Amino acid sequence: MTVRSPGPRRAAVARAVLPPLLVLQLLVLPSVPGCGRTARVEVAPARALVPPTIMPQQSGTSVLLQAVSAVSEDVVWVSGHDGTYARTTDGGQSWAAAVVPEADTLQFRDVHALDARTVYLLSAGSGELSRIYKTTDGGASWTLQWVNEEPQGFYDCLEFWDAERGAVYGDAVDGELRILTTADGGRTWDRVPAGNLPAPVGSEGGFAASGTCLTLRPGGLAWVGTGAGDRARVLRTADWGGTWEAADLPIVGGQAAGAFSITFWDDENGIVFGGDLNQADAFTDNITRTRDGGRTWTLATRPTFPGAVYGGAHVPGTGDPGAAPAALLAVGPGGAAYSLDAGTTWAPLDQLSYWGVGAASPRAAWLVGPNGRISKVSFAP
């Protein structure tokens, strides 16, 4: 029977709009001997962001869609239940949905695409239901790369640094966290030794809601948002997943609560989205922000919709030097919201239910959810 829970395997877990921003930056030059003052030179203003527009698209399927991988403004892959995935190569004007052969009972809760032809799918579930598939020909054929052999294992999210190196995160088994890494494009996956990982806090694991509980950046950086334990945490690595350290989060925690999604827009600035599955109609402390690479975290403003945030994303092309402040998207069963100022304030985007989100640029982001729902979002003026 297909389980619709976003969380770990545990039976106890079902499992005022901002104005456009225009920032004038000043470049401070060092004092020049003999000048007696510091020179200031005006540079071009940052690109303005505007409240986004949202437009529904036809996915070609009616299954629950949970994850998005936006390669570019044109190429996007999404994945969901009943072994289903869909792809567009024209920015969503048309989508082609299909089912991986002999995988129609699996729930593909994460997807990572390299291009229009190469993509990885992670199915989530207990034991052998957690699997990784790969195609290099746009879905014409699939290779089953990995199958979880631990009956108590349950894997939640997958991500790649590049075409060869990647990582996958799963719930704790026998008192040890589970993180696997690959250095050969997924042909082999190696478990990170328990001695290189923090000990789990209680029944710590993750929430396979949107495939965004793991995020990677160049140079071997990665962060995992955890949940379903005594408290929510972030795990951090700076050596391609070789060793990890943990930091506590100030958001709600517990058996059905914690971090669901994490995103960074540079090596220091990131945000975690989470919540409590048992409080679907409540507003809880469910967003937290870091400015030091994930070493410490402070509470941030809640989104505009109630319940847990299943997925969150930074919009590429914002939050960069010379660009507008970071734009963010947050989604959950309670709706969708956006921020134009790195999460300081939020505004409503949609009241429909969504589970996953991914962005390619300020002109192209996608939200996915129940009944094959796909909506395209644009922040462009």
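None of these values were measured; they are calculated from a predicted model. (Residues numbered from 1 in each chain as written. Predicted model: local features only at pLDDT ≥ 70, side-chain atom pairs only at ≥ 80, totals over all residues. Heavy atoms only, no water.)

(A) Inspection of the sheet that holds strand S25 (residues 328-332) at higher detail. Taken together, 4 strands build an open sheet; the order of strands is S24-S25-S26-S27 and the sheet is antiparallel. Edge strands, defined here as strands with exactly one partner in the open sheet, are strand S24 (311-314) and strand S27 (347-350). The mean inter-strand angle of the sheet, taken between neighbouring strand axes irrespective of direction, is 25°. Looking at chain direction, S25 and strand S26 (residues 335-339) are connected through 5 bridges and run antiparallel. Considered in S26, the bridge of alanine 330 is made with alanine 337. (Pairing = 2+ DSSP bridges. Helix = DSSP H or I, 4+ residues; strand = E, 2+ residues; numbered from the N terminus. Axes fitted to C-alpha atoms, helices over the stretch in contact; angles between N-to-C directions.)

(B) Looking closely at the pairing of S25. Among the 5 residues that make up S25, 5 are buried, leaving the element largely enclosed by the rest of the structure. Alternating positions in S25 separate into two faces, Leu328, Ala330 and Gly332 on one and Leu329 and Val331 on the other, with burial throughout. Of the strand pairs in this sheet, S24 and S25 are connected by 4 bridges, and their pairing is antiparallel. Counterpart to glycine 311 in the pairing with S25 is valine 331. The hairpin formed by S25 and S26 contains 2 residues between the paired strands. (Buried < 20%, exposed > 50% of the residue type's maximum accessible area, 1.4 Å probe, protein only.)

(C) Quick look at the sheet that holds strand S19 (residues 245-248). Pairing in this open sheet of 4 strands is antiparallel, and the strands run S16-S17-S18-S19 from one edge to the other. With one partner strand each, in any of the chains shown, strand S16 (214-217) and S19 form the two edges of the open sheet. Between one strand axis and the next, the sheet turns by 20° as a mean value, whatever way the strands run. Examined bridge by bridge, strand S17 (residues 221-225) and strand S18 (residues 233-237) share 4 bridges and lie antiparallel to one another. When the sheet's bridge partners are listed, glycine 225 is paired in S18 with valine 234.

Geometry only, nothing functional implied.
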